[in-house]
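# Coordinate analysis (summary)
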Amino acid sequence: MDITLVQDGPFRFRIDQQDPMRVPGVVFATRDLLPQAAGDKALEQVANVATLPGIVRASFAMPDVHWGYGFPIGGVAATDIEDAGVVSPGGVGFDISCGVRLLAADIECDPLAPNMRTLMDILGDTIPRGMGRGGLWKLKGRPQMEELLVGGARYAVESGHGVPRDLARCEDYGVLDGADPSQVGQRAVERGLQQVGSLGSGNHFLEVQAVDRVYDAEAAAAFGLRPDQVCVMIHCGSRGLGHQVCTDHVRVMDQSLRTYGIHVPDRQLACVPVVSPPGRAYLGAMAAAANYGRANRQLLAEAARHAFAVAAGVDVDLVYDISHNTAKIETHEVDGVQRRLCVHRKGATRALPPGDPSLPEDLAGAGQPVLVPGTMGTASYVMVGTPGNDAFLSACHGAGRVWSRHQALRRVRGEELRSELEAQGIAVRPSSWRGLAEEAPGAYKDVDAVATATEGAGLARLVARLHPLGVVKG
């Protein structure tokens, strides 16, 4: 296909529909944010996604878009369930329900400063991280795992790992409906039993931050944020369990393409109709893995609360928890008709506007928090959903990579990066020098530009900016 971008505005580009595309592609970005790296096929992937059976409106890409498995990371696509719409694991990704949780501490920067080293030492010593390592909550076996896969963050809270208010500040109140643990294989369960409450590796982190700018005081107050307040941002997902669920179901779907007469330009877009047996099986397993990811972040939040209580004697409240790797059944208006859609968001988050009935009462007037983490040494953003978002109420999920991990390792040494960050006043607790180098700030797009483009495109609005004080890296 001819991937020619047509600029429709300062923050919007179009890939015109052409065979075999069923809808156009839409990329929300500035020219500087468009994929530039040699070999980055993200724009080709936007066009490929537009060929999926049942897709409606457009194949969308957020400002942080970059090359991924099947779908681009930062990709959003919705398929009409009643019009042979499909579900594709490539539209969710391997780290199912990877997401971000933001907590706000009842303390400002200056009062915390004398205890900052103690706080970071406690977090560094108690937060499990790194490839394959154990978690804070060791489950006893498959029966208990199945309770967690159905109950998500709610099961964690009911088991003593949190407070009821936490659930009101989680997407879907901490539980994605429709989980079917019987569709989660034994290998996935075995990988997950010992990892609940762990960061993992790669770009996952726990970061202590401070609010350094407020753009919307009313929304910030509704979220529980104020200037100079110390916060904690946690980024992680469903660990080995989620990866295994994706692996298992991709294999089934790849083998099912011929059965359902589906042709895709890339086998990584393997898919089946949502209503088919393998489609229902995947959605049930995916929801179960999503609930694992939500429980995982709940345990890490409790560990952060404990660290703040010990180091500084202060409480920490949840601002919001949002996932960015899911496929959810939602109702949206398409061509003037309400339709049930399977909305894939891969490296993209839901972004509900003020007044949405899904919001808890204390957020209804402000809208849903949209959490946009930067990378080490850069800002992160809190935004809020806005009306009129035609990308099925979706927004960006972070800065977006521009270097591969191999490129980062060739350019950066972990020891030197730690010294540079600590010279800026940012405490660093890495799991390995290699992992630190792979996540160097230069490996990512400019998060300030991503946030500006997200607002300019009408996807979400700026509420607050956070700057880093210390980071525990996976």
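Residues numbered from 1 in each chain as written. Predicted model: local features only at pLDDT ≥ 70, side-chain atom pairs only at ≥ 80, totals over all residues. Heavy atoms only, no water.

- The protein chain carries the name tRNA-splicing ligase RtcB in an unreviewed UniProt entry, which gives Streptomyces himalayensis subsp. aureolus as its organism.
- The Subunit (unreviewed entry) comment attached to the protein chain in UniProt states, word for word, "Monomer."
- One UniProt comment on the protein chain, placed under Sequence similarities (unreviewed entry), says "Belongs to the RtcB family." (UniProt positions renumbered as here; feature names shortened; annotations may be inferred.)

### A word on helix α13 (residues 447–456)
- Buried residues of α13: Val447, Val450, Ala451, Ala453 and Thr454, and no others. End-on view of α13: buried residues confined to an arc of 165°, all on one side of the axis.
- Close packing links the buried residues of α13 with β4 (55–66), β15 (369–372), β16 (380–385), β17 (394–396) and β19 (460–473).
- By the N-cap criterion, in which a side-chain oxygen at the helix start approaches the backbone nitrogen of a residue two or three places on, α13 is capped by Asp446, the distance to Asp448 being 2.9 Å.
- Residue Gly458 follows α13 closely and has a positive phi angle near 80°. (Buried < 20%, exposed > 50% of the residue type's maximum accessible area, 1.4 Å probe, protein only. Helix = DSSP H or I, 4+ residues; strand = E, 2+ residues; numbered from the N terminus. Arc of directions from axis to C-beta. Contact = heavy atoms within 4.5 Å. Polar contact = N/O pair within 3.5 Å; in protein donor to acceptor, adjacent residues only side chain to side chain.)

### With respect to the packing of helix α8 (residues 239–256) against helix α9 (residues 277–312)
- Here α8 crosses α9 at 170°, and the two axes come no closer than 9 Å. In terms of orientation, α8 and α9 fall into the roughly antiparallel class. When α8 is examined against α9, the residues Arg239, Leu241, Gly242, Val245, His249, Val252, Met253 and Ser256 are found in contact with a partner set consisting of Pro278, Ala281, Tyr282, Ala285, Met286, Ala289, Tyr292 and Asn296.
- Here the contact of α8 with α9 is composed, by residue class, of eleven nonpolar, four polar and one charged. (Axes fitted to C-alpha atoms, helices over the stretch in contact; angles between N-to-C directions. Parallel < 35°, antiparallel > 145°, perpendicular 65-115°, else oblique. Nonpolar A, V, L, I, M, F, W, Y, C, P; charged D, E, K, R; others polar.)

### Observations regarding the UniProt feature "binding site: Mn(2+) 2" (unreviewed entry) in the protein chain
- The UniProt feature table records "binding site: Mn(2+) 2" (unreviewed entry) at His235 and His324. Spatially, the listed residues are clustered: although they cover 90 residues, their C-alpha atoms lie within 10.3 Å of one another.
- Looking at the secondary structure, you find His235 in strand β9 (residues 229–236).
- With sequence-adjacent residues up to four places away left out, His235 is seen in contact with Cys98, Gly99, Val100, Leu199, Asn203, His204, Phe205 and His324.
- Here the side chain of His235 touches Asn203 through a polar contact of 3.1 Å, landing on its backbone oxygen.
- With respect to the helices and strands, His324 occurs in the loop between β11 (316–323) and β12 (325–334).
- Residues contacting His324, with those up to four places away along its chain left out, are Cys98, Gly99, Val100, His235, Arg345, Lys346, Gly347, Ala348, Thr349 and His397.

### Section: unusual backbone geometry
- Cis peptide bonds are those with omega within 30 degrees of zero, and the linkage from Asp19 to Pro20 qualifies with 5°.
- Positionally, Pro20 belongs in the loop between β2 (12–15) and β3 (25–27).
- The backbone of Tyr173 shows a phi angle near 55°, a positive value even though the residue is not glycine.
- By relative accessible area, Tyr173 is classed as partly exposed at 41%.
- For Arg239, which is not a glycine, the phi torsion comes out positive at approximately 55°.
- Structurally, the position occupied by Arg239 is in helix α8.
- Look at Arg239 and you get buried, because its relative accessible area is 13%.

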